[in-house]
Amino acid sequence: MSEVNPGVDLVPSTRVEPASHAVVASVRGEIDLHNSPELRGVLLELLAKHEPKRLVLNLGQVPYMDSSAIAVLVEALQKIRKSGGRIFLTDLQPRVKGLLEIARLDSIFVVAKDEADALARQ
Amino acid sequence: MTRSSQPTSPPVVDLKVQSDPANIAGVRKAVEDAATGAGLDEKGVAEVGLCVNEAMANVIRHAYGGATDRPIVVAAHCQDGGLVVTIRDWGNGVNPATLPPKPFDPLEPGGLGLICLRRMMDGVTYAPQAGGGMLLVMKKNKPQPGAGGKSERGHE
């Protein structure tokens, strides 16, 4: 694994897992219309730079997100799907999990228990 | 959308902010505190907070077209065993409740905020204002003992 582009406050760490063709990013903080454009910029840059087959987003430090953050995740999903990739969401907190369910996205993203679980999935 | 009664008690939250997305979190947390004070449970508090967030975001994006220097007035009142939240804007006056419904596609942007309001609040009313803009009134009831509350997986 290698650290890449240790990032802005919202995405404090990212790393590449070559064996899994994965990029793992930890996201931190509450995300709403104010900072979701920042998240969008980071995620789209990661996808463009590494072209991973799986993007693992550890949301364990995201206690809250709104529909603008959901829209960012969906845009990233659309992007990675074009190259046959998938997005894994891990360590979901209750409010985030609830919003994903309302948005009917809990079965469209791959929801994994933690990063290890996401990287072990086929 | 169902109809909410107009608040009559003094507000426990009364904020006037600019339509800058940076203000959403502070207003949301103030209303969440009011919801806690009104006796809502943790789930209800979270739902009220999210709906305030989504309503403000809709005002900023749609009523004000992204302008960050327009006024938004948010108030919250305890009433009839619950919390009434009002959000006043002076934007384009388009009533979201009158827009033609479109099937919700989770992979298409837009619409999730209004779905949250419909599912999570017990009453939602948009009232166009004579001087321009819109008054949104949202009501959230305290959970009744033994009641299951509104389903998050309810039908559209």
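Preceding block: the structure.
Note that the structure is a prediction, hence the values are computed from the model and not measured. (Residues numbered from 1 in each chain as written. Chains lettered and ligands numbered in written order. Predicted model: local features only at pLDDT ≥ 70, side-chain atom pairs only at ≥ 80, totals over all residues. Heavy atoms only, no water.)

Caption draft 1: Just the pattern of salt bridges, in detail. Summed over the entire model, instances satisfying the criterion amount to 12 salt bridges over all chains. For A:E17, the salt bridge is made with A:R15, and the minimal N-O distance between the two is 2.8 Å. Both residues of the pair, A:E17 and A:R15, belong to the buried class. As a salt-bridge pair, A:R95 and B:E32 come within 2.9 Å of each other at their nearest N and O atoms. With A:R95 in helix α3 (residues 94–102) and B:E32 in helix α1 (residues 24–37), the pair connects residues from two separate chains. The partly exposed category is assigned to A:R95, whose relative accessible area is 29%. Through salt bridges with shared partners, one network takes in A:E30, A:R95, B:R28, B:K29 and B:E32. (Salt bridge = Lys/Arg side-chain N within 4 Å of Asp/Glu carboxyl O. Buried < 20%, exposed > 50% of the residue type's maximum accessible area, 1.4 Å probe, protein only. Helix = DSSP H or I, 4+ residues; strand = E, 2+ residues; numbered from the N terminus.)

Caption draft 2: View of the packing of aromatic side chains. Applying the stated rule across the entire model yields 0 aromatic pairs over all chains. Above the face of the A:Y64 ring, B:R28 is positioned so that its terminal group lies 3.6 Å from the ring centre. (Phe/Tyr/Trp six-rings, centres within 6.5 Å; stacked < 30°, edge-to-face > 60°. Lys NZ or Arg CZ within 6 Å of the ring centre and 35° of its normal.)

Caption draft 3: Quick look at the layout of surface pockets. Considering only enclosed or pocket space, the largest pocket measures out at about 1100 Å³ in volume. Forming the walls of the largest pocket are 42 residues, and the residues nearest its centre are B:N58, B:G110, B:G111, B:L112 and B:L114. Tallying contributions element by element places helix α2 (residues 42–63) of chain B first for the lining of the largest pocket, with 6 residues. A per-class count over the lining of the largest pocket returns 27 nonpolar, 9 polar and 6 charged. If you add up the space inside the second largest pocket, you get close to 370 Å³. Forming the boundary of the second largest pocket are 19 residues, of which A:P94, A:R95, B:K43, B:A46 and B:E47 lie nearest the centre. Counting residues per element, the ones that place at least two in the lining of the second largest pocket are α3 of chain A together with α2 of chain B. Per-class residue counts for the lining of the second largest pocket are 11 nonpolar, 2 polar and 6 charged. (1 Å grid on protein atoms, 1.4 Å probe; cavity = no way out; pocket = protein on both sides within 12 Å on 5 of 7 lines; lining within 4 Å. Points joined across faces, edges and corners; volume = space filled by probe spheres on them. Nonpolar A, V, L, I, M, F, W, Y, C, P; charged D, E, K, R; others polar.)

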